[in-house]
Amino acid sequence: MNTVDQQTALEQAARKRIKDSHALDSDADRLSDFYRGWASSYDSDVSRDGYCGPMIVAELAGAVQTAYLSRQRAAIAVLDAGCGTGLVGVELERLGFRSIDGFDLSVEMAERARQTRVYRNVRGDVDLNGSLSDHSSASYDITVSCGVFTLGHVRPDALRELARVTRPNGFVIVSTRKSYAETASFEDEVRSLQNAGILIPAQRLNDGRYVAEEDAHYWVFKVPKKDSSPADERP
Ligand SMILES: C[S@@+](CC[C@H](N)C(=O)[O-])C[C@H]1O[C@@H](n2cnc3c(N)ncnc32)[C@H](O)[C@@H]1O
């Protein structure tokens with residue numbers, strides 16, 4: 001096999017792993033098993049597929065901090081929900097964030113994130129499809145989640161817990177692969193959380209670059225103060 005053939009074979013294998021990851025039905029055991037096997041080659045696979053979600057999500061967090069949060073960036077508490085191997089944390093650190101916590105369902109992915117040394121705390125075995133009972137309410141200024149609200153992974157209603165652990169007037173920033181946003185009725189969930197006064201859509205980048213074969217939407221939500229009705233809030 002020549003070098004070009006080898007490259008093509010590696011790219012095809014990477015695409016297949018990414019595609020296979022979408023068929024796990026949000027089942028915690030299957031997701032954990034799958035990512036246990038993928039942790040060591042995840043970074044090279046997604047880089048081969050042109051994955052730029054982490055950079056975009058981190059840059060949105062930077063823009064939100066500059067525009068709306070008065071404290072210095074280094075003091076802004078950020079939660080990276082579904083941190084994987086730490087690609088988002090590395091981008092956040094590059095932009096000057098220094099108080100970053102991460103969690104992930106997969107213990108092996110979380111261990112890789114820990115090894116980047118850009119996180120304050122990293123925890124594995126945390127399931128976003130359940131309640132984040134070990135996480136106190138209103139702990140974070142910004143919560144980010146990239147590549148997690150995607151096919152076969154986390155359901156849209158997990159946004160509710162992300163909002164709970166984020167402080168009032170803080171922000172939740174997530175990516176949604178386009179096909180996920182459509183098939184999982186993500187917008188319906190957003191509407192219902194907005195009506196319940198839990199989240200307010202503040203900004204959205206439509207059809208942004210994500211991976212080679214598909215774009216994503218990038219959402220910025222504001223967590224409203226509890227005593228204000230949804231209609232009172234201005235993003
Ligand atoms: C495509 S990777 C994205 C990782 C990282 N955020 C990034 O952008 O590279 C998806 C991650 O979500 C994690 N994950 C999947 N289902 C989860 C769940 N129910 N709760 C928490 N994490 C989950 C996986 O273990 C994996 O690390």
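Before reading further, recall that the structure is shown in the block above.
Here goes a summary of the coordinates provided. (Residues numbered from 1 in each chain as written. Predicted model: local features only at pLDDT ≥ 70, side-chain atom pairs only at ≥ 80, totals over all residues. Heavy atoms only, no water.)

Considerations on the packing of aromatic side chains
Across all of its chains, the model carries ten aromatic pairs by this definition. Pairing phenylalanine 149 with phenylalanine 186 gives two aromatic rings, centres 5.8 Å apart and planes at 70 degrees, and the pair type is edge-to-face. Within this pair, whereas phenylalanine 149 is found in strand β4 (residues 140–149), its partner phenylalanine 186 is found in helix α9 (residues 186–195), the two being separated by 37 residues in sequence. Residue class for phenylalanine 149 comes out buried when judged on its relative accessible area of 1%. (Phe/Tyr/Trp six-rings, centres within 6.5 Å; stacked < 30°, edge-to-face > 60°. Helix = DSSP H or I, 4+ residues; strand = E, 2+ residues; numbered from the N terminus. Buried < 20%, exposed > 50% of the residue type's maximum accessible area, 1.4 Å probe, protein only.)

As for the packing of helix α4 (residues 53–68) against helix α5 (residues 87–94)
Remark: α4 packs on α5, axes separated minimally by 8 Å, with the N-to-C direction vectors making an angle of 45 degrees. Between α4 and α5, the angle is such that the two are oblique. Between α4 and α5 lies a crossing whose hand is right-handed. Every residue of α5 that contacts α4 at Pro54, Met55, Val57, Ala58, Glu59 and Ala61 is listed here: Leu87, Val88, Glu91, Leu92 and Arg94. The class makeup of the residues in the contact of α4 with α5 is eight nonpolar, no polar and three charged. (Axes fitted to C-alpha atoms, helices over the stretch in contact; angles between N-to-C directions. Parallel < 35°, antiparallel > 145°, perpendicular 65-115°, else oblique. Left-handed = near helix turned anticlockwise from the far one by under 90°. Contact = heavy atoms within 4.5 Å. Nonpolar A, V, L, I, M, F, W, Y, C, P; charged D, E, K, R; others polar.)

With respect to the sheet that holds β4
With mixed pairing, the seven strands of this open sheet are ordered in space as β3-β2-β1-β4-β5-β7-β6. Of all strands in the sheet, those bounded by a partner on one side alone are β3 (121–123) and β6 (200–211). Looking at each pair of strands side by side, their axes are set apart by 15 degrees on average, direction ignored. Bridge count for strand β1 (residues 77–81) against strand β2 (residues 99–103) is five bridges, and the pairing is parallel. Directly across from alanine 81, in β2, lies its bridge partner phenylalanine 103. The sheet contacts of α9 involve β4, β5 (166–177), β6 and β7 (214–222), and relative to β7 the element is tilted by about 5 degrees. (Pairing = 2+ DSSP bridges.)

Fair warning: the whole summary comes from geometry, so function is off the table for now.
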